[in-house]
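# Structure assessment
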Amino acid sequence: AQSVTQPDIHITVSEGASLELRCNYSYGATPYLFWYVQSPGQGLQLLLKYFSGDTLVQGIKGFEAEFKRSQSSFNLRKPSVHWSDAAEYFCAVGPASTGNQFYFGTGTSLTVIP
Amino acid sequence: GAVVSQHPSWVICKSGTSVKIECRSLDFQATTMFWYRQFPKQSLMLMATSNEGSKATYEQGVEKDKFLINHASLTLSTLTVTSAHPEDSSFYICSASLVIAKNIQYFGAGTRLSVL
C-alpha cells in the first residue's frame, strides 16, 4: 500500500539553527517525491521535487532534500532556519507514469524560536 | 508561472444552502484538477479528481451528490457543496496539474467554509 510517513508532528528550532524534517514512503513503483509548505490559512507551495537523477535536489527558500532509495526516505533540510520558515511542511509521493493520485504525509509543524 | 487561483478564500453560509468554490489555473492549461479537504491540524484528503470535459472521479466515502464537481474548461473547475451542514465546515483546497507536466500539482490558496 502506498503511504507517506512524517514521524515528527512538531519540531521547534532556534533561528539560525539547521533543520531536518523526516519523510519515509512506501510506494509500489518508481515514485516522484515532493515537499510542500503551507502557511496558516493558505494553500500549499511547492518547495522542491525529485523525479530522477541527482538524489540531492535543491528547492526554493534555501531548502534541499535527499532521496535515499535504500531507506525509502526523502528528508528535507535547511542549513540555517529563518523565522519566516515557521509553517506546516508536507511530504508527498506521486506516480511516475501519470499525474494523478498523490499521497500526503500528515505534516510536520515547524516553530522557529527567535 | 503555474498560478492557481481559488475563490472565495472564506465563505460563511447557513445550513441547508449551497456553496460554490472556483478553482482557476491562471497561466496554464490544466487537464486535471484535484479537490482536497483538510481538517484542522491534519493532512490533505483527496476528495475527487476532475478531468476537463468528463465526470469527476470521487474517492471512496465522498458523496458525489453532496460535492458536485464541474470541470468545464481547461482553466476552471468548480466544487459545489450542496445543502451544506455544519459538519461540512472545513478547508477545501484545489490543485491543478499541467497538460505538459502531469506529475506536478500546483495548489490554490484554499477556501475556508464555515456552515452555521
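Note that the coordinates shown come from a computational prediction; the quantities given were computed from them, not determined experimentally.

### Brief notes about unusual backbone geometry
- In this structure, the amide linkage connecting H7 of chain B to the following residue, P8 of chain B, adopts the cis form with an omega of 0°.
- For S72 of chain A, which is not a glycine, the phi torsion comes out positive at approximately 50°.
- Assignment of secondary structure puts S72 of chain A in the loop between β8 (64-68) and β9 (73-78).
- Judged by relative accessible area, S72 of chain A falls into the partly exposed class, the value being 26%.
- Its identity as a non-glycine residue notwithstanding, S83 of chain B has a phi of 45°, on the positive side.
- In this fold, S83 of chain B is placed in the loop between β8 (76-81) and β9 (90-98).
- Its relative accessible area of 33% is what places S83 of chain B among the partly exposed residues.

### A word on the interface of chain A and chain B
- At the junction of the two partners, chain A supplies 23 residues and chain B supplies 21 residues.
- Across the chain A to chain B interface the summed buried area is about 1500 Å²; carbon plus sulfur atoms make up 56%.
- Inspection of the chain A/chain B interface yields four residue pairs in polar contact (both at pLDDT 80 or more).
- Those elements that provide at least two residues to the side of chain A that touches chain B are β5 (31-38), β6 (44-50) and β10 (87-95) of chain A.
- The element that contributes the greatest number of residues to the side of chain A that touches chain B is β5 of chain A, accounting for four residues.
- For the side of chain A that touches chain B, the per-class residue count stands at eleven nonpolar, eleven polar and one charged.

### Comments concerning the pairing of β8 of chain B
Residues and elements named next belong to chain B.
- Burial analysis of β8 places six of its six residues in the buried class, which makes it a mostly covered element.
- Taking every second residue as pointing to the same face, both faces of β8 are buried, with L76, T78 and T80 on one and S77, L79 and V81 on the other.
- Across five bridges, strand β7 (residues 67-73) lies against β8 in antiparallel orientation. Paired with N70 across the bridge in β8 is T78.

Rules used throughout
- Residues numbered from 1 in each chain as written.
- Chains lettered and ligands numbered in written order.
- Predicted model: local features only at pLDDT ≥ 70, side-chain atom pairs only at ≥ 80, totals over all residues.
- Heavy atoms only, no water.
- Helix = DSSP H or I, 4+ residues; strand = E, 2+ residues; numbered from the N terminus.
- Buried < 20%, exposed > 50% of the residue type's maximum accessible area, 1.4 Å probe, protein only.
- Contact = heavy atoms within 4.5 Å.
- Buried area = accessible area lost by both parts, 1.4 Å probe.
- Polar contact = N/O pair within 3.5 Å; in protein donor to acceptor, adjacent residues only side chain to side chain.
- Nonpolar A, V, L, I, M, F, W, Y, C, P; charged D, E, K, R; others polar.
- Pairing = 2+ DSSP bridges.

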